[in-house]
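# Survey of secondary and tertiary structure
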Amino acid sequence: MINYNNKVFVPLSNSENGEVDLSMQFVYQQTGNIVTSTYKGGRIRSGHLIALVDEQGNLDMRYHQVNDRGEITTGICKSTPEQLPNGKIRMHEKWQWTSGDCSEGESLLEEL
C-alpha cells in the first residue's frame, strides 16, 4: 500500500467542467487506509476530501467544497497512481459531480 501521509500533490490538468485550479496544492494525510485533505484556492473557497486507499494505492474518494459563487458542490473520484522514474507519484483521476449537472471529468495530479 502506498502511504500518502504528508504527500503534496499539484494539478497538472483538469477537465473544463472542474473547479480545481492548477495553482492549488493538496496535502494528503493518512491514517490506516483513510486519506483526507483540506484544500482551497482559485474557484474553491473551502474543500475537503476523504478517501479509502487499497493495496495498490488506488483512492476511492468523495469530496465536497464551497465555490466562489457560494455554492456547495460534491463529487466522487477514483484515483489511480503511477510511479514515475524519479520516485514521485502521478495520480490519474476520473471524477463525477454528484451535485449540479452530474457531469464527468478527468484530472492529473503530480507529487511535489
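The structure under discussion appears in the preceding block.
Being a predicted model, the structure only gives us computed values, none of them experimental. (Residues numbered from 1 in each chain as written. Predicted model: local features only at pLDDT ≥ 70, side-chain atom pairs only at ≥ 80, totals over all residues. Heavy atoms only, no water.)

## Description of the sheet that holds strand β3 (residues 29-31)
What the 9 strands build is an open sheet, ordered β2-β1-β9-β8-β7-β6-β5-β4-β3; its pairing is antiparallel. One side of each edge strand has no neighbouring strand; the edge strands of this open sheet are β2 (26-27) and β3. Bridge count for strand β7 (residues 72-83) against strand β8 (residues 89-97) is 9 bridges, and the pairing is antiparallel. Its bridge partner lying in β8, Thr-80 is registered against His-92. (Pairing = 2+ DSSP bridges. Helix = DSSP H or I, 4+ residues; strand = E, 2+ residues; numbered from the N terminus.)

## Let's talk about the nonpolar core
Counting 21 residues, the largest nonpolar core has Tyr-4, Tyr-28 and Leu-59 as the members making the most contacts within it. Going through the elements one at a time, β4 (34-41), β5 (44-53), β6 (59-67) and β8 are the ones with two or more residues in this core. (Core = buried A, V, L, I, M, F, W, Y, C linked by side-chain atoms within 4.5 Å. Buried < 20%, exposed > 50% of the residue type's maximum accessible area, 1.4 Å probe, protein only.)

## Some thoughts on the environment of Tyr-4
Mapped onto the fold, Tyr-4 is located in the segment before β1 (8-14). For Tyr-4 and Gly-57, which are 53 residues apart along the polypeptide, the C-alpha to C-alpha distance reads 8.7 Å.

## Examining the side chain of Gln-30
Tracing the sequence through the fold places Gln-30 in strand β3. Residue Gln-30 is classed as buried on the basis of its relative accessible area of 11%. At 2.6 Å, the side chain of Gln-30 and the backbone nitrogen of Tyr-4 are in polar contact. Apart from residues no more than four positions distant in its own chain, Gln-30 is found in contact with Met-1, Ile-2, Asn-3, Tyr-4, Asn-5, Val-35 and Val-53. (Polar contact = N/O pair within 3.5 Å; in protein donor to acceptor, adjacent residues only side chain to side chain. Contact = heavy atoms within 4.5 Å.)

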